[in-house]
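The residues making up each chain are set out below.
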Amino acid sequence: MNTGGIVGTSVPRLEGRGKVTGEAQYVDDMVLPGMLFGATVRSRIPRGKIRKLMFGPDIDWNEFVIVLAKDIPGKNCIALIEDDQPCLAKEMINHPEEPIVLLAHPDRHLLAKAVAAVSVECDSLPVLFTMEESERQTEVIWGTDNLFKSYLIEKGNIEEIWEKADHIVEGEYTTGAQEQLYIENNGMIATFEAKQGLTVWGSLQCPYYVHKSLMKLFDLPAERVRVVQMETGGAFGGKEDYPSMIAGHAALLSMKSGKPVKVIYDRMEDMVATTKRHPSRTRHRTAVDKDGKILGGEIDFTIDGGAYKTLSPVVLSRGAIHAGGPYYWPSIRIRAKAVATNTPPQGAFRGFGAPQSLFAMERQMDRIAGVVGLSPVEIRRRNFLKPGQTTTTGQVVREDIDLRKLLDRALELSDYHAKKQKFAEENPRRDHKKGMGIATVLHGAGFTGSGERYLASVVGVEACEDGSIRILVSSTEFGQGTNTVLCQIAAEALGLRYEDVAIARPDTREVPNSGPTVASRTVMVVGKLVQSAAIGIRQTLVASGLLPEQHTRDEFRATCRAYVSEHGSFRSLAQYEQPDDIVWDEEQYRGSAYAAFAWAAYIAEVSVDLTTYSVSVDDFVALQEVGKVLHPVLARGQIIGGVAQAIGFALYEKVVWEKGRMQNGQMTNYIMPTSADLPIIRVYFEELGNHHGAYGAKGIGELPMDGPAPAIINAVEDAIGAPFNSIPLLPEDIFAAISERTASANLASRAGGLE
Amino acid sequence: MNQPRGGRTKRAISLTVNGQATAVRVFPMERLLDVLRSELGLTGTKEGCGEGECGSCSVLMDGELVNSCLIPALQANRSVIVTIEGLATDGRLTNLQRAFLQCGGAQCGICTPGMLLAARHLLCKNPNPSLDDVREGLSGNLCRCTGYMQIFEAVLEAARREDLS
Amino acid sequence: MRAHPAEYELVAPRTLPAALSLMAQEPGAWLPIAGGTDVMVQYSAGNLRARKLVSIWNLPELRKIEVSGDEIQIGAGSTCADLQKHELIQRDFRLLSIAANWTGGIANQNRGTIGGNIVNASPAADSLPALLVYEAELILASSRGERRVPYHGFHVDYRKTQLGPDELIRAICLKRRFSDYYAHTRKVGARNAQAISKVCLAALGRLAGGTIQDIRLAMGSVAPVPFRLTETERGIRGQAPSAQLIEAARKTAAAEIRPIDDIRSTARYRASVAGNLVAEFLEQLRAGGTIK
């Protein structure tokens, strides 16, 4: 598709200047007159009944604003998919760090001591900390059976495949929790005024999620609640639903005090009390013929949702739908479930279930290769989806994607074959064992199935009196380039310059609900609507007779100025309509799950140092087909950043749990890769276009999270011949596996010697 | 009254911040980070961790890169401080700032002030750094968005431009 | 930030005698703070017990490095950055210079001091094993005078030292007699930069006539205090670096140390890696050695 040269070029980041001068305003940078600071008293036990709250003697509590559950005017819940999560615990505690009491004071420094001075007397109750414990239901901690949600995806004839199989390959794969670790902690400022209503400003991804939950919490109508996004210092899903909680807290304190209240978490509170990536366990049982072709299989995918439902059903859904990878499954049965444990509720983190199930799939493919006697390359080549074939949910692949060619290109870019051979020859003589690993993945853009139809996103574009246009969306910028790309799209659509387009700050008073900024949907879904709405402006001007069909940029601007000065500024709205070719059956969980998939082949080169048992990633090739690259620098930045996070997921980022509470809630002890730990990450794109997305773009934000972890673990197995099925894979785990292998080898050789 | 007993009093601290002589009255154990943000309203310096691990609070103190969350105000008495607000002069961005904008060095922007000061510190000491020099020089500044590469490219680009001019 | 600045007193005397005099008036009541890279972390977390602090940052008597004859005296207030910049330390006490480069990022190296590292007494501190193998001596100062103590033995138990309540470390003394030793150090952390060590080795070895005439091995994070592996050294000293010796040394080292399971790692991992690090050093000696 030809573009006018704005889409497809790396224009300056729209809000970039403020970011490099320190002028950008994040929530903690804002101060309101008379503002108080708020803090949260949280439970220290994982589960129990609250008997008494005691406020210690050394504090003059008269100076503090105190909020308890009974102060909540509306419903005591954080409204999301279900209303089971309380805003403040009233009688029951269901996880460590559950919020119970809120305090506010003008002196920020007094809060820590005050929080410590509130004690909560509880009767402890039995607890569940793992998925296995939850499944056994020795204790029921949620609903009637600890089950937040389950899905069953079936295709073909699963009963028949086992007799036909030449090989049946089984494997179990687990992934741990992962902390989003945005460098800006969660924060909110709230003002509750009798006349104005409630306003909150904060670090967030989804203004209308917060808006909806505040309405319910305060029993206020929509027009009396206003949510404004401040510059947000990273999110990655960690600010999808949690902001509703902290906004509710700040708002309650403001309501009680009559003053503005700021609540900002410090790093430890943010790490231990807010959401993380769902831990997962996937069990594969695959029937394969002698040529390595998958006949079918069963996949059992379970995720740990923590103590309340929150977003678990949606994470589960995406994980389940992606569980089969980019392969053709003639038959499949995917059983997916999200279970409850007494840990802080988990939430969204880039990838949203897919990194978990794809880790398992890509490890299982290498396992299958080993059993059948094929290479990791060949097993994939023989099973890749081809255009015209159906996915696990029965969606026909309509794109012209050639996954074999994609993989071939990745292999060539990474010099895979030559290196693999060289390493195999040299490893016996080296202390640093080297290996190569592959992962091929897909990622669906937009909300699953009927999700986009249900969201019914609305986008506005406004004509302004100076001849420029302004985009009105609730889609937020948090580094990924929302502002920049949406302005590019609008400028391109109207033949304007990039500088002619502005974008309104996401403020629910100003902008319509274009849906949450998640699910890799912003460029593809919202961008397409921006394009439509922008064209709507032109249509209005043309229809007025003031603007010819063919016009220059200057003519557009002049006409816009003239029109607005006469009629006032006006808006063009566009609303999402489900395309006819996207049909999804929510009951059967079948059909077209996503409007478009992006596809990727990732190759990792690793060394394993047998002195320290540590793994380093020496080279990484990330090749992905994304429809169209709208902004090369931003797109590359997204891939590199996502790969970096996925390297952390694979090798570094372990949450240490004890009795349901994260023990390593400091940057010193939760290990994120530094600049000295990452390789040069080489990024390459292919562009097949996509008629659903603006200018052919598909979503790319989450895709880079899906492939690196299994590629790396596959490479480690190549390097040292030991399979690992659990991440994060730490040196201690490699050491344990190697010493066990040495010990049983010694036993075997001794036993052999006895004969 | 909740104010601590012991009669601790505030003290006058003088420091030069971004070229301006400044005096504040603060508790001696107030963090320099809070003095900059709350007393002086210079909110460009950020708090990411409060434990000296992330580098978002980095400033230059007497020409050296330091984590301002770990410096008590009294120890900054009579020092010369440069924060992110002091990089650009008269609204003109430095080569470094422009390179960050062009190369994708800033995504969410929260690490950017500290990162720019660390880069500035590096280039002052080593105007022609290698990629490894840049990697090491910025290893105390964590970025969660970029995966670092475009930051390194920005620093190397800025070094190249300074070289030409 | 979980502490109230108003609850703390911090004074900054201009000279060392003034600081010592204050500490003598109320022994144990004043916590010295130099660069603050440890104290301020505790303070921010709300874990600092002390309420009165005396700043010894940048005191001229403490922040200087002097060479006289065969001894170098490193002022305890010298920062990690200062150590790295000093030519003699780079050349003759390379292990210390390298360790200083490992300690946190550049911003923390500009503030963290060698004295603070020692007094904070974390067994994981990067520079302490180097001080052990260089057989450092410490000059401890108080208003009563000065005393000189060997560094080994200074750490009596986990985070406890021989330092009296009215004392400061004034200087660390190192004898310049290691130029004919092979020097090697390696830190194993959870990542390549800004990591608290899981195991850290500082090693010196001198070969003569095909045997290892002298060897010094010290480790961090393998015991409650920085640890000199004297038993392992005994098994090596005077022997030729054969494959059998190296294997024996690997096992002895793994058994000699006293590591624990903690939030960062496991005892078994530490023991194995410690043995591997010793073996790696001995392999280098066998191969003719490299100054690292």
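These numbers were taken from a predicted model, which means no experiment stands behind them. (Residues numbered from 1 in each chain as written. Chains lettered and ligands numbered in written order. Predicted model: local features only at pLDDT ≥ 70, side-chain atom pairs only at ≥ 80, totals over all residues.)

**With respect to the overall build of chain A**
Now for step 1: Each helix and strand in chain A was counted, giving 19 helices and 28 strands.
Now for step 2: Projected onto the principal axes, the alpha-carbon positions of chain A cover approximately 95 × 75 × 50 Å.
Now for step 3: In chain A, buried positions account for 61% of the 755 residues.
Now for step 4: By sequence separation, contacts in chain A at least 24 residues apart represent 81% of the contacts at least 6 residues apart. (Helix = DSSP H or I, 4+ residues; strand = E, 2+ residues; numbered from the N terminus. Buried ≥ 20, exposed ≤ 12 C-beta atoms within 10 Å, placed from the backbone. Contact = placed C-beta atoms within 7 Å.)

**Topic: the interface of chain B and chain C**
Now for step 1: The partner chain C presents 25 residues to the 28 residues of chain B that form the contact.
Now for step 2: Per-element tally for the side of chain B that touches chain C: the top contributor is strand β4 (residues 64-67) of chain B, with four residues.
Now for step 3: Classifying every residue of the side of chain B that touches chain C by side-chain character gives eleven nonpolar, eleven polar and six charged. (Nonpolar A, V, L, I, M, F, W, Y, C, P; charged D, E, K, R; others polar.)

**Notes on the sheet that holds strand β18 (residues 469-472) of chain A**
All names here are of chain A.
Now for step 1: Taken in spatial order, the four strands of this open sheet run β19-β18-β17-β20, and their pairing is mixed. If you trace the sheet from one side to the other, it starts and ends with β19 (501-503) and β20 (570-575), each paired once. Averaged over all pairs of adjacent strands, the angle between strand axes in this sheet comes to 25 degrees, irrespective of strand direction.
Now for step 2: Where strand β17 (residues 458-463) meets β18, four bridges bridge the pair, whose relative direction is antiparallel. Bridge assignment links G460 to a residue of β18, and that residue is L472. (Pairing = 2+ DSSP bridges. Axes fitted to C-alpha atoms, helices over the stretch in contact; angles between N-to-C directions.)

**Digging into the domain arrangement of chain A**
Accessible area lost upon the coming together of the parts is a frequently used measure of interface size.
All names here are of chain A.
Now for step 1: Segmenting chain A into domains produces domain 1 (16-24 + 451-575), domain 2 (31-125 + 181-273) and domain 3 (280-448 + 589-736).
Now for step 2: On a C-alpha basis, the centres of domain 1 and domain 2 stand 34 Å from each other.
Now for step 3: With 14 residues of domain 1 at the contact, the number on the domain 2 side is 17 residues.
Now for step 4: Residue composition of the side of domain 1 that touches domain 2, grouped by class: five nonpolar, six polar and three charged. (Domains from an automatic or database assignment.)

**Observations regarding the interface of chain A and chain B**
Now for step 1: Across the contact, 44 residues belong to chain A and 41 residues belong to chain B.
Now for step 2: Looking at the side of chain A that touches chain B, the elements with two or more residues in it are α1 (16-21) and α17 (632-651) of chain A.
Now for step 3: Broken down by element, the side of chain A that touches chain B gets its largest block of residues, seven residues, from α17 of chain A.
Now for step 4: Grouping the amino acids of the side of chain A that touches chain B by side-chain chemistry returns 21 nonpolar, 14 polar and nine charged.

**With respect to the domain arrangement of chain C**
Residue and element names in this part refer to chain C.
Now for step 1: What the domain assignment reports for chain C is domain 1 (1-178) and domain 2 (182-286).
Now for step 2: Just the C-alpha atoms count here: the centres of domain 1 and domain 2 sit 26 Å apart.
Now for step 3: Between domain 1 and domain 2, the residue contacts involve 21 residues of the former and 22 residues of the latter.
Now for step 4: Taken together, the elements giving at least two residues each to the side of domain 1 that touches domain 2 come down to α5 (94-102), α8 (128-133) and β8 (155-157).
Now for step 5: In terms of residue class, the side of domain 1 that touches domain 2 is built from 14 nonpolar, four polar and three charged.

**Re the nonpolar core**
Now for step 1: Membership of the largest hydrophobic core comes to 399 residues, with the highest contact counts inside it found for V200, A250, A251, A490, V530 and I712 of chain A together with A274 of chain C.
Now for step 2: With twelve residues, the single largest contributor to this core is α17 of chain A.
Now for step 3: Leaving out residues up to four positions away in the same chain, I712 of chain A has contacts with G437, A604, V606, V617, I647, A650 and L651 of chain A. (Core = buried A, V, L, I, M, F, W, Y, C linked by C-beta atoms within 7 Å.)

**Considerations on the environment of L634 of chain A**
Now for step 1: Summarising the element assignment, L634 of chain A is placed in helix α17.
Now for step 2: For L634 of chain A and V485 of chain A, which are 149 residues apart along the polypeptide, the C-alpha to C-alpha distance reads 8.9 Å.
Now for step 3: Setting aside anything within four residues of it in sequence, one finds L634 of chain A in contact with G481, T484 and V485 of chain A together with G104 of chain B.

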